[in-house]
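# Structural features, examined
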Amino acid sequence: GNAGGQHHHRIMMDKYHPGYFGKVGMRHFHKLKNPYHCPVINTDKLWNLVGEEAREKAAKDSSKGLVIDVTQYGYFKVLGKGQLPSQPMVVKA
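This part covers the pattern of salt bridges. Overall, the coordinates contain two salt bridges when judged by the stated rule. Here R10 makes a salt bridge to D14, at a shortest N to O gap of 4.0 Å. With a gap of four residues between them, R10 and D14 both fall in helix α1 (residues 10-16), about one helical turn apart. The shortest N-O distance in the salt bridge between E52 and R55 comes to 2.6 Å. Residue E52 and its partner R55 are both found in helix α3 (residues 52-60); the two are separated by three residues, about one turn of the helix. What makes E52 partly exposed here is its relative accessible area of 45%. The class of R55 is partly exposed, set by a relative accessible area of 25%.

Written as structure tokens, this is what we have:
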């Protein structure tokens, strides 16, 4: 079994399973999940939020950029994955 990991099997545990015993990081007493709730969206999915019609409408008038507020769609963080078309746009998060 796993008996003796800190005693007579210590050499084997240290050699082949380093870090098996012990704790890592700080403790957070009474952690509430709500303050850490932060859904994410990638930049390549931003146009899917507003739809194809809004993208075509923004493409016609390039003097102003389209403003996308991702918090209205339930996202609070925008990640940088993907490519965007060369249309001006402002993303609020």
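Quick look at the packing of aromatic side chains now. By the definition in use, this model includes one aromatic pair. With a centroid separation of 4.8 Å and an interplanar angle of 90 degrees, the aromatic rings of Y20 and F21 are classed as edge-to-face. Between K31 and the ring centre of Y36, over which it is positioned, the NZ or CZ distance is 5.1 Å.

Formed by I41, L46, W47, I68, V70 and M89, the largest nonpolar core amounts to six residues. Ignoring sequence-local partners within four residues, the contact set of M89 consists of L46, W47, G65, L66, I68 and L84.

Attention now goes to the environment of A93. Turning to its location among the elements, A93 is positioned in the segment after β4 (89-92). Here A93 falls in the exposed class, since its relative accessible area comes to 66%. Residues A93 and V70, 23 residues apart in the sequence, show an inter-C-alpha distance of 5.6 Å. Once residues within four sequence positions are removed from consideration, A93 is found in contact with V70, T71, F76 and V78.

Here is what the cut-offs are and how they apply
- Sequence order as written defines the numbering, with residues in each chain counted from 1.
- The predicted origin of the model limits local features to residues at a pLDDT of at least 70 and limits the giving and counting of side-chain atom pairs to 80 or more, whereas totals for whole chains, interfaces and linings rest on all residues.
- Calculation of side-chain values draws on the structure's entire complement of heavy atoms; hydrogens and water are dropped beforehand.
- In what follows, salt bridge is the name for a side-chain nitrogen of Lys or Arg lying within 4 Å of a carboxyl oxygen of Asp or Glu.
- Put simply, DSSP marks the helices as runs of H or I at least four residues long and the strands as runs of E at least two long, and each gets a number from the N terminus on.
- Exposed residues in this analysis have more than 50% of their type's maximum accessible area, buried residues have under 20%, and partly exposed residues fall in between, with area computed by a 1.4 Å probe over protein chains only.
- Planes of paired rings set the category: under 30 degrees apart is stacked, over 60 is edge-to-face and the rest tilted, where pairs are Phe, Tyr or Trp rings (Trp by its six-membered ring) whose centres lie within 6.5 Å.
- Over a ring means this: the NZ of a Lys or the CZ of an Arg is within 6 Å of the ring centre and within 35 degrees of the ring normal.
- The definition of a nonpolar core used throughout is a set of buried Ala, Val, Leu, Ile, Met, Phe, Trp, Tyr and Cys residues joined through side-chain atoms within 4.5 Å.
- Two residues form a contact once any of their heavy atoms are found within 4.5 Å.

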